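Breakdown of the fold
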Amino acid sequence: MAHMKPEQLHAELDAAEEILRTATLARLAYDGVDGAPRVIPIGFLWTGEAVVVATHPTAPKVAALRARPRVALTIDTPSPARSLLLRGEAEIEVVDGPVPEYLAAAAKSMAGEELAAFERGVRETYDQMARISIVPDWARYFDFGAGRFPGFLRKLTSTD
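Just so it is clear, the model here is predicted, and its values are computed rather than measured.

1. Describing the pattern of salt bridges
A side chain with one charge can pair with a side chain of the opposite charge if their charged atoms come near. The tally for this structure, following the rule as stated, stands at 7 salt bridges. A salt bridge links Arg 70 to Glu 89; its shortest N-O distance comes to 3.6 Å. Within this pair, whereas Arg 70 is found in strand S5 (residues 70–77), its partner Glu 89 is found in strand S6 (residues 82–96), the two being separated by 19 residues in sequence. A relative accessible area of 37% means that Glu 89 is categorised as partly exposed. The salt bridge partner of Arg 70 is Asp 137, with a shortest N-O separation of 2.7 Å. Linking Arg 70 in strand S5 with Asp 137 in strand S7 (residues 128–143), this pair joins segments that are 67 residues apart in sequence. Look at the salt bridges and you will find they share partners, linking Arg 70, Glu 89 and Asp 137 into a network.

2. A closer look at the nonpolar core
Here is a general trend for soluble globular proteins: nonpolar side chains tend to be buried in one another's company. If you look at the biggest cluster of nonpolar residues, it comprises 24 residues, and the most contacted ones within it are Val 51 and Ile 75. Where this core is concerned, the elements lending two or more residues are helix H1 (6–22), strand S1 (25–31), strand S4 (51–55), helix H2 (60–67), S5, S6 and S7. Top contributing element to this core by residue count: H1, with 4 residues. Leaving out residues up to four positions away in the same chain, Ile 75 has contacts with Ile 19, Leu 20, Ala 23, Leu 25, Ala 26, Phe 44, Arg 82, Ser 83, Leu 84 and Leu 86. In this structure, Val 95, Leu 103, Val 122 and Tyr 126 belong to the second largest nonpolar core, which totals 8 residues.

3. Focus: the confidence of the model for the chain
Across the chain, the average pLDDT comes to 89, with 84% of residues at 70 or higher. Helix H5 (residues 151–157) is the least confidently modelled element of the chain, averaging 65 in pLDDT, while S4 averages 98, the highest of any element.

4. Let's talk about the side chain of Ser 133
With respect to the helices and strands, Ser 133 occurs in strand S7. A relative accessible area of 13% means that Ser 133 is categorised as buried. Contact partners of Ser 133, with chain neighbours within four places excluded, come to Ala 50, Val 51, Val 52, Glu 89, Ala 90 and Glu 91.

5. Digging into H2
Among the residues of H2, Lys 61, Val 62, Ala 64 and Leu 65 are the ones counted as buried. For H2, the buried positions fall inside an angular range of 165° around the axis, keeping them on one side. Projecting away from the buried face of H2 at angles above 90 degrees are the exposed residues Pro 60, Arg 66 and Ala 67. In this structure, the buried side of H2 is in contact with S1, strand S2 (37–43), S4, S5, S6 and S7.

6. Remarks on the packing of aromatic side chains
Under the criterion given, the structure shown has 2 aromatic pairs. Their ring planes at 70° and their centres at 6.3 Å tell us that Tyr 102 and Tyr 126 sit as a pair that is edge-to-face. Here the residue Tyr 102 occupies a position in helix H3 (residues 100–106), and Tyr 126 occupies one in the loop between helix H4 (112–125) and S7, the gap between them amounting to 24 residues. Its relative accessible area of 18% is what places Tyr 126 among the buried residues. Ring pairing ties together the aromatic residues Tyr 102, Phe 118 and Tyr 126, which thus form one cluster. A cation over an aromatic ring shows up here: Arg 87 above the ring of Trp 138, its NZ or CZ 3.8 Å from the ring centre. Its guanidinium or amino end placed over the ring of Phe 44, Lys 108 lies 3.9 Å from that ring's centre, counting from NZ or CZ.

Criteria and thresholds
Residues numbered from 1 in each chain as written. Predicted model: local features only at pLDDT ≥ 70, side-chain atom pairs only at ≥ 80, totals over all residues. Heavy atoms only, no water. Salt bridge = Lys/Arg side-chain N within 4 Å of Asp/Glu carboxyl O. Helix = DSSP H or I, 4+ residues; strand = E, 2+ residues; numbered from the N terminus. Buried < 20%, exposed > 50% of the residue type's maximum accessible area, 1.4 Å probe, protein only. Core = buried A, V, L, I, M, F, W, Y, C linked by side-chain atoms within 4.5 Å. Contact = heavy atoms within 4.5 Å. pLDDT = per-residue confidence, 0-100. Arc of directions from axis to C-beta. Phe/Tyr/Trp six-rings, centres within 6.5 Å; stacked < 30°, edge-to-face > 60°. Lys NZ or Arg CZ within 6 Å of the ring centre and 35° of its normal.

Written as structure tokens, this is what we have:
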């Protein structure tokens with residue numbers, strides 16, 4: 001992105017922000033407590049500063065993230081084919097009841113009675129939740145439909 005014109009950079013930032021606001025699923029990569037890598041699909045909410053995910057405080061990923069907080073996230077959209085890659089440190093806070101961002105994230109893919117039933121179920125299930133906040137310190141955006149590919153892939157597919 002260093003060789004982009006300002007208007008191109010602005011367009012990519014807008015597209016990345018749109019993915020963060022509208023996508024419903026991310027893939028979270030982290031090291032398990034055994035040191036083996038993990039990648040899991042997980043719902044998320046972008047707060048404007050952090051990606052927030054939530055789970056039960058006894059979930060294995062909570063112990064793993066406490067031990068090794070460095071994570072990566074990939075958020076994809078199928079049409080148009082775009083990807084946003086993020087890296088950062090996971091910060092964990094155990095809260096009473098459901099994490100508000102967890103319920104807000106669900107509202108991106110549910111509405112009406114379906115959302116109300118989901119919220120009732122969450123409130124009945126969770127006395128506490130682990131709020132996992134990831135402030136990105138690195139990001140990369142790909143728009144595959146626009147022909148923007150990583151340099152190594154461009155070299156592999158070059159006919160020169």
